[in-house]
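Observations on the three-dimensional arrangement
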Amino acid sequence: MSKYDNLLNKIIQNISLNSHPGRHFHCVFDLDSTLFNVTSRTEKILEDMILEKDFKLKFPTEVKKLDNLLVNHDDWGIKDVLERSGVDNPDFYKKARSFWAHRFFSNEYLKFDRPYLGAVDFVNELSDLGAQITYLTGRDQVRMMIGTIESLKQWKFPIDLKNTHLALKPHFKDEDTDFKSDYLKNINSHHEKIYFFENEPVIIHKVKQQLPEIIVVFMDSVHSGRADPLDHWPKIKMSFLK
Ligand SMILES: [Mg+2]
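Since this is a predicted model, take the numbers as computed values, not measurements. (Residues numbered from 1 in each chain as written. Predicted model: local features only at pLDDT ≥ 70, side-chain atom pairs only at ≥ 80, totals over all residues.)

As for helix α2 (residues 39-49)
Given 3.6 residues to a turn, an α-helix orients residues that are three or four positions apart in the same direction. Taken together, the buried positions of α2 are occupied by Thr39, Arg41, Thr42, Ile45, Leu46 and Met49. Seen along its axis, α2 keeps its buried residues to an arc of 165°; they face one direction. Taken together, the buried residues of α2 touch β2 (36-37), α3 (53-58), α5 (79-84) and α6 (90-104). (Buried ≥ 20, exposed ≤ 12 C-beta atoms within 10 Å, placed from the backbone. Helix = DSSP H or I, 4+ residues; strand = E, 2+ residues; numbered from the N terminus. Arc of directions from axis to C-beta. Contact = placed C-beta atoms within 7 Å.)

Quick notes on the domain arrangement of the protein
The assigned domain composition of the protein is domain 1 (6-37 + 114-236) and domain 2 (39-110). Relative to domain 2, the C-alpha centre of domain 1 lies at a distance of 30 Å. Contact with domain 1, which involves 13 residues of that partner, is made by 10 residues of domain 2. Among the elements that make up the side of domain 1 that touches domain 2, the one with the highest residue count is helix α8 (residues 141-154) (six residues). (Domains from an automatic or database assignment.)

Brief notes about the packing of α2 against α6
Contact geometry for α2 and α6: axes closest at 10 Å, N-to-C directions at 130°. Between α2 and α6, the crossing angle belongs to the class labelled oblique. Between α2 and α6 the crossing geometry is right-handed. Taken together, the residues of α6 that come into contact with α2 (itself represented by Arg41, Thr42, Ile45, Leu46 and Met49) are Ala96, Phe99, Trp100, Arg103 and Phe104. (Axes fitted to C-alpha atoms, helices over the stretch in contact; angles between N-to-C directions. Parallel < 35°, antiparallel > 145°, perpendicular 65-115°, else oblique. Left-handed = near helix turned anticlockwise from the far one by under 90°.)

Next comes the structure, spelled out in structure tokens:
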């Protein structure tokens, strides 16, 4: 019996039965909130923030309230975390948001991410079956490339040069949705079947519209709210296991 979610098990079976020299499979994974739970990245950044002298001096009340801060997996950014602790000072929010964003989108804190249950084994199993693996992420090359490679290595995701690819945005200002749909358009060919794993509905809508032949698996974890997921999308919820 497979340990994976039924939907994922079917993908493994399909690749294992139908892979041959004339037919290749390509599995494309988003990173943040698809393979990695980023909750502990935000938690660590905020913990470091309230230890900063500058914050303690300027915002003693807010810093004290954040003593037992709690980051939930479905928090988007830091607004909910602050509200939960009873912090509603706009000046503090502005400064905290900037402190957080500067570190969240950096190499330094990626080591605090945790892969979702079963993610590492699942991606390795697909790679062992001969599927091409691509990590397609809205992280940008300049600020996050080194930390991304280290984090993939740290958790033992496959990263060999022959069968895996890493695609980060050339510039942080590039739009995630365009970057990913353009990338998928480029690798899409008649010889390849593509599976795409992603947590952001606004990206999935665009990919489905432009490339209906790609099979998309929605990771139901957390998203920006810029678009809603559809009920009939194949999905997994916060885990790759049953
Ligand atoms: Mg994501």
